[in-house]
Amino acid sequence: MNIANQVLSQLRALVRNQPASPPLQPTCYWQTDIHSHLLPGVDDGVTSLEDALTCLKQLSAWGIQRVITTPHVSQDWHPNTQASLLAGQTMLRDVVAEHQIPITIDVAAEYLLDDLFLDLLRADQLLSFGQQKYVLFETGWAAAPRFVNEIIFHLLAQGYQPLLAHPERYTYYHTDLKPLAELRKAGCLFQLNWGSMTGRYGRRVQAQAHRLLTNKWVDFMGSDMHRTADLDLFGKLITSADYQLLQQQPLRNQELTTT
Ligand SMILES: [Fe+2]
């Protein structure tokens, strides 16, 4: 055996004697997820407790320590009440504790800006989260919302911090960033969906996500997880082209891990 073969043989022996390394588990550098639909049966999110637990276990494995899940609240499709959502919070907390998943559960909401929302705002019955009293809201898909700046004004006046869910997904903002710039100027913050950076919602949404990231307009990341099929999102997110840009955002997710 020549010297080269001897070295190779010794290297092989060394490698054989090494303990097998565990496969690398991708981890999330923020520990709180603020947008998901994991209360079973209350909206278009998970339909069973089993699926909710599957999602929560995987989120925990990625390093998420707190999930603020946000069922839809809208007058026509999901008229969930504060009382029913808080009852769901108690139930989900109990089940998570029973299954020993190391994750803190809170329930807030993703509000559609409709008449029900205005009633809840007037009655001061919105479900918010964090010390800043963040209120997550979405706008309709068909047309740009009217009076959104006025609603932001009223939210701020009542001590809430308005937070627009997935601004990159609204097609009516794709051709002109000015309305989004005005929302930010009015005091509204933005939450980007994990899936938008992976192309889950198409190239135009991915391109808009890129523009928001370039402008450093991303205040929060959110999984917007609806079902177990969304569990492939995270792997795609951390290998997405804009992941480095994401790491440059001043994300506020972290401030919620302990408050
Ligand atoms: Fe959502």
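Each remark here, short or long, concerns the structure printed above.
**Quick look at the sheet that holds strand E9 (residues 220–222)**
- Pairing is parallel in the open sheet, where 6 strands are placed in the order E3-E5-E6-E7-E8-E9. Sheet topology places strand E3 (72–73) and E9 at the edges, where each strand pairs with a single neighbour.

**Describing helix H5 (residues 148–157)**
- Restricting attention to buried positions, one finds in H5 the residues Ile151, Ile152 and Leu155. Looking straight down H5, one finds that the buried residues subtend no more than 100° of arc, so they occupy a single side. Exposed and facing more than 90 degrees away from the buried side of H5 are Glu150 and Ala157.
- Residues of H5 that are buried in the fold lie against helix H4 (115–122), strand E6 (134–138), strand E7 (161–165) and helix H6 (178–186).
- Directly beyond the C-terminal end of H5, a positive phi value near 90° is found at Gly159.

**Comments concerning the sheet that holds strand E4 (residues 104–107)**
- In space, the 3 strands of this open sheet follow the order E1-E2-E4, with parallel pairing throughout. Sheet topology places strand E1 (32–33) and E4 at the edges, where each strand pairs with a single neighbour.
- As paired strands, E1 and strand E2 (residues 66–69) are joined by 2 bridges and run parallel to one another. Residue Thr32 lies in a different strand from E2, and its bridge partner there is Arg66.

**What about helix H7 (residues 203–214)?**
- Spanning 12 residues, H7 covers 16 Å between terminal C-alpha atoms, matching the ideal 16 Å at 1.5 Å per step.
- Every buried residue of H7 is accounted for by Val205, Gln208, Ala209, Leu212 and Leu213. Down the axis, H7 shows its buried residues gathered within 140° of arc, on one side only. Projecting away from the buried face of H7 at angles above 90 degrees are the exposed residues Arg203 and Thr214.
- In this fold, the buried residues of H7 make contact with strand E8 (189–193) and helix H9 (243–247).
- Downstream of H7 by one or two residues, Lys216 has phi in the positive range, about 55°.

**Overview of the packing of H5 against H6**
- The N-to-C vectors of H5 and H6 enclose an angle of 20°; their axes lie 10 Å apart at closest approach. Viewed along their axes, H5 and H6 adopt a mutual orientation that is roughly parallel. Of the two possible hands of crossing, H5 and H6 adopt the one that is right-handed. Counting all contacts with H5, which are made through Val148, Asn149, Ile152 and Phe153, the residues of H6 involved are Glu182, Leu183 and Ala186.
- The residue inventory of the contact of H5 with H6, partitioned by class, reads 5 nonpolar, 1 polar and 1 charged.

What counts, and at which threshold
- Residues numbered from 1 in each chain as written.
- Predicted model: local features only at pLDDT ≥ 70, side-chain atom pairs only at ≥ 80, totals over all residues.
- Pairing = 2+ DSSP bridges.
- Helix = DSSP H or I, 4+ residues; strand = E, 2+ residues; numbered from the N terminus.
- Buried ≥ 20, exposed ≤ 12 C-beta atoms within 10 Å, placed from the backbone.
- Arc of directions from axis to C-beta.
- Contact = placed C-beta atoms within 7 Å.
- Expected span 1.5 Å × (residues − 1).
- Axes fitted to C-alpha atoms, helices over the stretch in contact; angles between N-to-C directions.
- Parallel < 35°, antiparallel > 145°, perpendicular 65-115°, else oblique.
- Left-handed = near helix turned anticlockwise from the far one by under 90°.
- Nonpolar A, V, L, I, M, F, W, Y, C, P; charged D, E, K, R; others polar.

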